[in-house]
Amino acid sequence: MIVLVSDWSFEEKDKLCSQKWEIDGDDDWYREDLYCGDLLLDDWTCDTLIEAVKKDIDEKLSVEEILSKYVKS
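None of these values were measured; they are calculated from a predicted model.

Engineer: Explain the overall build of the protein chain to me, using residue names and the numbers behind them.
Structural biologist: Helices and strands together make up the secondary structure of the protein chain, namely four helices and zero strands. In sequence order, the protein chain lays out its α and β elements as α-α-α-α. Taking the principal axes of the C-alpha coordinates as reference, the protein chain spans close to 30 × 25 × 20 Å. Across the 73 residues of the protein chain, 36% fall into the buried class. Here the contacts in the protein chain between residues at least 6 apart in sequence split such that 64% fall between residues at least 24 apart. Accessible area of the protein chain: about 4700 Å², with a carbon and sulfur share of 49%. Taking the average place of the 9 positive charges on the side chains of the protein chain and the average place of its 21 negative ones, the gap between the two points comes to 3 Å.

Engineer: A description of the pattern of salt bridges should follow, citing residues and the corresponding values.
Structural biologist: Enumeration according to the criterion identifies four salt bridges in this entry. The salt bridge partner of Asp47 is Lys15, with a shortest N-O separation of 2.3 Å. A residue pair is termed long-range when its members are at least 10 positions apart, and Asp47 in helix 3 (residues 46-58) and Lys15 in helix 1 (residues 10-17) qualify at 32 residues. When its relative accessible area of 38% is taken as the criterion, Lys15 is described as partly exposed.

Engineer: So what's going on with the nonpolar core? Which residues, and what values?
Structural biologist: Core analysis: the biggest nonpolar cluster contains 20 residues, and Leu16, Trp21, Trp29, Leu34, Leu49, Val53 and Tyr70 have the highest contact counts within it. Of all the secondary-structure elements, those providing two or more residues to this core are helix 3 and helix 4 (63-70). Take this core: its biggest share by element is six residues, from helix 3. Apart from the residues within four sequence positions on either side, Trp21 is in contact with Leu16, Asp26, Asp27, Trp29, Tyr30, Leu34, Ile50, Val53, Lys54 and Ile57.

Engineer: Quick rundown of the packing of aromatic side chains? Include the residues and the values.
Structural biologist: Under the definition given, this model contains four aromatic pairs. Geometrically, the ring pair formed by Trp29 and Tyr30 is edge-to-face, given 5.3 Å between the ring centres and 70° between the ring planes. Each member of the pair, Trp29 as well as Tyr30, carries the same accessibility label: buried. Judged by centre distance (5.3 Å) and plane angle (70°), the ring pair of Trp44 and Tyr70 falls under edge-to-face. Here the residue Trp44 occupies a position in the loop between helix 2 (31-36) and helix 3, and Tyr70 occupies one in helix 4, the gap between them amounting to 26 residues. Residue Trp44 shares its accessibility class with Tyr70, and that shared class is buried.

Rules behind the numbers
- Residues numbered from 1 in each chain as written.
- Predicted model: local features only at pLDDT ≥ 70, side-chain atom pairs only at ≥ 80, totals over all residues.
- Heavy atoms only, no water.
- Helix = DSSP H or I, 4+ residues; strand = E, 2+ residues; numbered from the N terminus.
- Buried < 20%, exposed > 50% of the residue type's maximum accessible area, 1.4 Å probe, protein only.
- Contact = heavy atoms within 4.5 Å.
- Areas by Shrake-Rupley, 256 points an atom, 1.4 Å probe, with all protein chains shown as cover.
- Lys, Arg positive; Asp, Glu negative; His and termini not counted.
- Charge placed at Lys NZ, Arg CZ, Asp CG, Glu CD.
- Salt bridge = Lys/Arg side-chain N within 4 Å of Asp/Glu carboxyl O.
- Core = buried A, V, L, I, M, F, W, Y, C linked by side-chain atoms within 4.5 Å.
- Phe/Tyr/Trp six-rings, centres within 6.5 Å; stacked < 30°, edge-to-face > 60°.

So this is what it looks like as structure tokens:
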């Protein structure tokens, strides 16, 4: 099963896109890939994905490292 962010409610999509995630001065890096991409795991909810990405940002992972963990290439 592929979970698409497009299957989430409007409120969940808005919550994901309203995150203030900035890496190297770019705060728009995640919107298209996380919002429109096929997620690798089928059990992500909006809240669990947000928490996982926040942890990765806190650990100073690059955009490429973060996206490779969550989005099919």
